[in-house]
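Fold and contact review
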Amino acid sequence: MSGYRLGVDIGGTFTDIVLLSADGALYNKKILSTPDDYSRAIEDGVRALLDATGIRAGDIHEVAHGTTVATNAIIERKGVRVALITTEGFRDILEIARFRAPRLYDVSFRKPEALVERRLRFTVPERITAAGEVDLPLDEDAVARVAERCAASDVSAVAVCFINAYVDGQHEEAAAAILRDKLPGIPVTVSSELVPQIQEYERTSTAVVNAYIRPVIERYAERLETRLAEIGITAPVNIMQSNGGVLPAKIAARKPIFVIESGPAAGVVGAQRLGAKLGIDDCIVFDMGGTTAKATIIADGTFAMAPETEVGGDAALGHRMTQGGGYIVQAPTIDIAEVGAGGGSIAWIDSGGGIQVGPRSAGADPGPVCYGQGGQDATVTDANLLLGYLNPSALVGGELSLDRGGAERTIAALGEAIGQTTTDTAYGIHLIANARMMRALSSVSSERGLDPAHFPLMAFGGNGGVHVCNLAEALGATTVLVPPAAGLFSALGLLFADTEHQCIRAYYQPFDALDLDACNATFLALRDEADHLVAADGYAPDARRLACSAELKYVGQNTALALPVPDLPLTSDRLAALAESFAVAHEATFGYRSDQEQVQFVSLKAVGQGLSDTPRLPDRITLSLDALPTASTRSAYYGPDHGWLDTPVLPRTALGGDPQAGPLIVEEYDCTTVVRPGWQASLDSWNNIVVERMHQDSELQK
Amino acid sequence: MIDPIRLELIKNALVMVSDNMMVSVLRTSRSTLIKSNMDFSASILDGDGNMAAQGLALPGHLGATMPALQGCLDYYGDDIGPGDILANNDPYAGGSHLNDIFMFKPVYRDGVRVCFLGLILHHTDLGGRVAGGQAADSDEIFQEGLRIPPSKIYVADEPNETLLRVIEHNTRVPDTVLGDIRAQIAALITGANEIEKLIDTYGAEELTTYMAALIDYTERLVRNSIRELPDGEAEFTEYNDDDGVGGGPVTIHVKLTVKGDEIIADFTGTSPQMGGSLHTNYWFTASLTYAALRTMLPADTPNNVGFYRPITVIAPEGSWVNPRYPAALGGRGQGGYRVRTVVTGALTKLFPEHMPACPGGNEFGLSVTGMTAEHKRFLHVEFHNVTGRGGGPDADGQDAGPYWLGNMANTSVEIIEAENPLMIEEYGFLPDTGGPGKYRGALGMVRQYRLMADDAIVQLRADRHVYPCWGIFGGKPGGLSHSYFVRDGKREEAPSKFVRPMKKGETFRAEMAGSGGYGDPFERDASAVAEDVREEKISIAHAETEYGVVLDPQTLALDEVATAARRAQ
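Residues numbered from 1 in each chain as written. Chains lettered and ligands numbered in written order. Predicted model: local features only at pLDDT ≥ 70, side-chain atom pairs only at ≥ 80, totals over all residues.

**Quick notes on the overall build of chain B**
To keep things clear, this is the line we draw: Put simply, DSSP marks the helices as runs of H or I at least four residues long and the strands as runs of E at least two long, and each gets a number from the N terminus on. Exposure in this text rests on C-beta crowding, where 20 or more other C-beta atoms within 10 Å of a residue's own make it buried, 12 or fewer make it exposed, and counts in between make it partly exposed. The C-beta atoms are placed from the backbone. Contact definition: two residues whose C-beta atoms, as placed from backbone geometry, lie within 7 Å.
Of regular secondary structure, chain B possesses 13 helices and 20 strands. Its C-alpha atoms give chain B principal-axis dimensions of about 80 × 60 × 40 Å. Across the 569 residues of chain B, 64% fall into the buried class. Here the analysis covers contacts within chain B between residues at least 6 apart in sequence; of these, 74% occur between residues at least 24 apart.

**Thoughts on the packing of helix α1 (residues 4-28) of chain B against helix α5 (residues 174-202) of chain B**
All names here are of chain B. The cut-off we apply is this: The convention used is that axes are lines fitted to C-alpha atoms, helices contributing only their stretch in contact, and that angles between N-to-C directions extend from 0 to 180 degrees. An angle below 35 degrees is treated as roughly parallel, one above 145 as roughly antiparallel, one from 65 to 115 as roughly perpendicular, and anything else as oblique. Note: crossing handedness is left-handed where the near helix turns anticlockwise from the far helix by less than a right angle, and right-handed where it turns clockwise. In this classification, Asp, Glu, Lys and Arg are treated as charged, Ala, Val, Leu, Ile, Met, Phe, Trp, Tyr, Cys and Pro as nonpolar, and every other residue, Gly included, as polar.
Their axes nearest at 8 Å, the elements α1 and α5 cross at an angle of 160 degrees. Overall, the two elements α1 and α5 adopt an arrangement that is roughly antiparallel. For α1 against α5, the interelement crossing comes out right-handed. Residues Ile10, Ala13, Val17, Asn20, Met21, Ser24, Val25 and Thr28 of α1 lie in contact with α5, whose contacting residues are Ala183, Gln184, Ala186, Ala187, Thr190, Gly191, Glu194, Ile195, Leu198 and Tyr202. Among the residues forming the contact of α1 with α5, the class breakdown is eleven nonpolar, six polar and one charged.

**Here we look at the environment of Glu200(A)**
Residue position: Glu200(A) is located in helix α7 (residues 200-231). Classification of Glu200(A) as buried rests on a count of 26 C-beta atoms within 10 Å.

**With respect to unusual backbone geometry**
Residue Pro569(A) follows Leu568(A) across a cis peptide bond; omega there is -5 degrees. One can find Pro569(A) in the loop between β27 (561-564) and α16 (572-590). Going from Gly392(B) to Pro393(B), the amide bond is cis rather than trans, its omega being 0 degrees. For Pro393(B), the location among the structural elements is in the loop between β13 (377-384) and α10 (413-419). The backbone phi angle of Asp154(A) is positive, close to 60 degrees, even though this residue is not glycine. As for its placement among the helices and strands, Asp154(A) is situated in the loop between α4 (140-152) and β9 (157-161). Notably, Asp488(B) is not glycine yet its phi reads approximately 50 degrees, a positive angle. Secondary-structure assignment places Asp488(B) in the loop between β17 (482-487) and β18 (490-494). For Asp488(B), a count of 7 C-beta atoms within 10 Å corresponds to the exposed category.

**A look at the interface of chain A and chain B**
The interface is formed by 66 residues belonging to chain A together with 67 residues belonging to chain B. Taken together, the elements giving at least two residues each to the side of chain A that touches chain B come down to α3 (93-96), α7, β22 (355-361) and α12 (422-447) of chain A. When residues in the side of chain A that touches chain B are grouped by element, the largest group, twelve residues, is from α12(A). A class-by-class count of the residues in the side of chain A that touches chain B yields 26 nonpolar, 20 polar and 20 charged.

**Regarding helix α1 (residues 38-53) of chain A**
All names here are of chain A. Rule in force here: Working rule for helices: expected span equals 1.5 Å times residues minus one. This arc describes the spread of directions from the helix axis toward the C-beta atoms.
End to end, α1 covers 23 Å across 16 residues, agreeing with the expected 22 Å (1.5 Å per residue, within 8%). Taken as a whole, α1 has its buried residues at Ser39, Ala41, Ile42, Gly45, Val46 and Leu50. Taken down its axis, α1 places every buried residue within 160 degrees of arc, on the same side. Turned more than 90 degrees from where α1 packs its buried face, Asp51 and Ala52 sit exposed. Here the buried face of α1 lies against β1 (4-10), β2 (14-21), β3 (25-32) and α7. The first or second residue beyond α1 is Gly54, which carries a positive phi of 75 degrees.

**Digging into the domain arrangement of chain B**
Residue and element names in this part refer to chain B. The line we're drawing: Domain delimitation follows an automatic or database domain assignment.
Per the domain assignment, the segments of chain B are domain 1 (4-220) and domain 2 (356-524). Using only C-alpha atoms to locate each centre, domain 1 and domain 2 end up separated by 32 Å. Listed per partner, the contact involves 17 residues of domain 1 and 15 residues of domain 2. By residue class, the composition of the side of domain 1 that touches domain 2 is seven nonpolar, six polar and four charged.

**A short note on the sheet that holds strand β1 (residues 40-46) of chain B**
Residues and elements named next belong to chain B. Rules: A pair of strands is considered paired only if DSSP assigns at least 2 bridges between the two.
Pairing in this open sheet of seven strands is antiparallel, and the strands run β2-β1-β5-β4-β3-β6-β7 from one edge to the other. The open sheet terminates on both sides in strands that have one partner only, identified here as β2 (51-54) and β7 (158-159). Where strand β6 (residues 151-155) lies against β7, two bridges are found, and the strand directions are antiparallel. Bridge assignment links Val155 to a residue of β7, and that residue is Glu158. Each of β1, β2 and β5 (112-122) is contacted by α1, which is oriented at about 145 degrees to β1, the strand it contacts most. Across the face of the sheet, α5 comes into contact with β3 (85-88), β4 (100-109), β5 and β6 while running at roughly 150 degrees to β5.

**Observations regarding the nonpolar core**
Here is the rule we go by: Under the definition applied here, buried Ala, Val, Leu, Ile, Met, Phe, Trp, Tyr and Cys residues are grouped into a nonpolar core through C-beta atoms within 7 Å.
Val82(A), Val158(A), Val160(A), Val208(A), Leu457(A) and Met103(B) are the most contacted members of the largest nonpolar core, which has 368 residues in total. For this core, the leading source of residues is α1(B), giving 14 residues.

**Regarding helix α13 (residues 464-475) of chain A**
Residue and element names in this part refer to chain A. Of all twelve residues that make up α13, twelve are buried, and the element is covered over most of its length. Taken as a whole, α13 has its buried residues at Gly464, Gly465, Val466, His467, Val468, Cys469, Asn470, Leu471, Ala472, Glu473, Ala474 and Leu475. Note on α13: the residue one or two positions beyond its end, Gly476, has a positive phi of about 85 degrees.

Spelled out as structure tokens, the structure:
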């Protein structure tokens, strides 16, 4: 198909916009986000990009969108008034939460306030046991009375979550039917329909968050489609979900809990799809922005998924380390480790005479000292400027000029305090930021028991290319890839994803007591459900792909592993084969298998994908609107072993298939890539910058 | 010459190694105590056993690691080599209580020991007369389970199968415990490989120099922070209701002195050693004192021996907080909370603008064990140490707010029910139990259990049935704890500590204490009191008697005139 696809990724500071043609011509635009109405920046940015390129709005046949709107609505408490209905005896589940704090010894820490006040949390007599038996029938009159109280309380949404509803949702469904009947026009979120997964607090929180933001996201999706239509773009809008698939905006808005990590997911999915295109099945994805750095590992072509995410929590080294600083949402989310280290991270001296970098960030406002917007604290970006990595006269294609003198004065003052030269201090800040980011990179590989040295690094984000080569040296990695439009790669990655519906059912059953017929009935129904959802998006049977999997664990163990279930229905032989592949995977991941222990299901999953009739990735990307700096030379510092070296500065297009030896700096509109001495850079067929270690010497980063 | 930049790089690298050990443990362990409650800590010590870096450190582990390693060094002397892994859980050889097995793996380069990696895990059950090892009424350590003196669980890269089999045969849940032990060993090996890489990068000598520098730097940081605090002295007294075997109450007393760049915590005046297992040994007492004091230090202060050096803990030998052999220690978690709250109390008196009133909760620790209908043993262990936060210094104590000196998650009702023949019938707040104050203490909480199996043995370790969570500066204490069984409609009151049988259909209800209030309740913002009534967190009657706030019983509107009159009385 000719024409263009539009990718739009909203971040906290910038909104990134890309237009991609089928043959890979790429046009991009970065503009400041408009938090009062995020769709405004999108309209303005898209208009500007269309004007600049002369592309007609009517030629855009697909729009993919990554958004932080859901996250912001929760953090800024801009959702609607919700009532919560729970099993009698469990009114306070939501507020009690898990007693976790992200840090000890902090007397001032307060967990986030519950999204539903106690006076709007109602209970009804009912009880289902963990085995799915009715211990106490639902008191339907009590539900009716609660409905009346909801009506009198002026609520805009209702969430229902009963104990053990993950096993059997009949009481929730019966209660929801009464509520819908008595409260016409008020959306009712039912936990067992939304996420039938074990753990009452997490499921309650998930249902409440969904109820709380759904009207907000629905309004936003409508507004966005209206604005695009005003420009003349009538193509359907797809929204990226936290699991890496896209869904039509109208459907996604109904279950907004699944789009919370929309933006970060886009970058990872983009990297994974690009990797697949290039034949790279294993890599570490590294995304460094202004306030945080993120890392994900892709192994055997797949990224790790976390079963839940925490909205508004602190940066965490993977989901197992999240600790109650935010709102828990049980939505499958790409597992991304994050540390508070980015270009804006502030360097400071503590009272013991130690130098620290972050976690406080100067953000975009006032930003680093060199931005000249009133920033007083030395940041990583200031250090990178002094080290010669960044162009003093041009950032974001010359739209931002930098105050080198200010940066130098601030860092010199820090250096004086610790008895170091300005250059050593700047390099020290760069390395300490790297050391912090190493924690994220190292934790994602440790998490899966893998050695990061064997993985190429795929780097993007505004600062990814500046730091990645040095990080690769420290990790012992030998190959780095910086994709085109690295500074707004998440927006590009949006365009590589497929439509994807995930259907999950909790299924907490040990293998030895399994009723195979019941299990198959559940599994097949789940597969049909996924298929119907994809069909409803307009995909013909031959464009629909279904994949089933199950999460398994040893009884008593908390961590589950996802294993593909290639064939349904399950027979006793297939079940035995599944148990064996679980044991093999367990040994590969955890270092042992325990054949004497029982294996059990935790959940069943069916994924339905809609396959596009055109390739999601073009054969190569050509940057068509880059303000190309001309080649020049500047001095840059590479540590005490190399010192200051005259470094050629090139645009990406000046690189070719033949490797050029570092030091080199590749400068672009949206990012800068530093190629250290001992490394070489070339362009591959897709226009990625490939940075490789020139020889395997034993020289190690000092 | 120490380069501060290199120091920071090495500090980060060491923390990364302990992070990765933690990730490895979380990934591979079996028990809920590890997975959900994260009752474990990782650390790196220098070749002489000085703690240089500690990752996630539970408060009780802060000062506990070094003495446990020292116990091993004392026993083995030079007889430690590459590929060994040391294990120790003996409270009388530097350990804490039997459930905590410390393991240490030395790392060598060119024949020189560069460092030890340390990992402490709370293991679910190591035998003894009551499952879980927490029974309050044990008299001697011999009743509490398997005591592992300083031993080698790995010898020159080979597992010590004898020791592993002894452990396996002395626990009620061998799969869980051996699974966790394997996870512990695997994480130490992972950590050792990463330390080897650090030695490759920096060299053994430089790494050693910088570990020492990191300790000195931390000491400097801590001394500077203490120097910034005003000098002062405060005393505080707290109580345990009883010792678990009929003795008590137990008095815990501390005198806290801040002078120059040092702090002295002196527990002289504390009750002598008694019966039962609630005692805290010296290192546990010290750990919790360090933890309580850490709240006054910068958040990013590294955890290493430099942090303890400016702090002196005096705990008289033979006292409740430093008992003599062979006192039982299995329930020391209980005593440990009283050490926390007594030091916090002294801090609150010294620094009223920083510290709140007493956190709520009765250090509820429950174990239930028996056979399922399929004749399989079940063992459920559950802790609800804290119910919320004390009021003040400038806000209410958050209801169900996590505690800054303990970060143990509660356990999911649904997971408990899926894995045990238990039903949780209620889990929620108890209105009117927050200590009244200008800033209200958090509410107490209730947890109610029903047994679904035929028979079980229930063991409880709890407190605050007699001595409540204190209020301060005119604030009142939180509501007391209270618990009872109901069988065939008949109610039977339960003490705070017991072991007893339970029958199918019987219920056990535990009402856990509320937190203390801060400041005069009559100074509390009347509209905040009215909000509490509307949230059904306090009753109208409580609002009037405790806060002098009068509300219209129909509309729940604040009656300002009546309130002013009531408060003027």
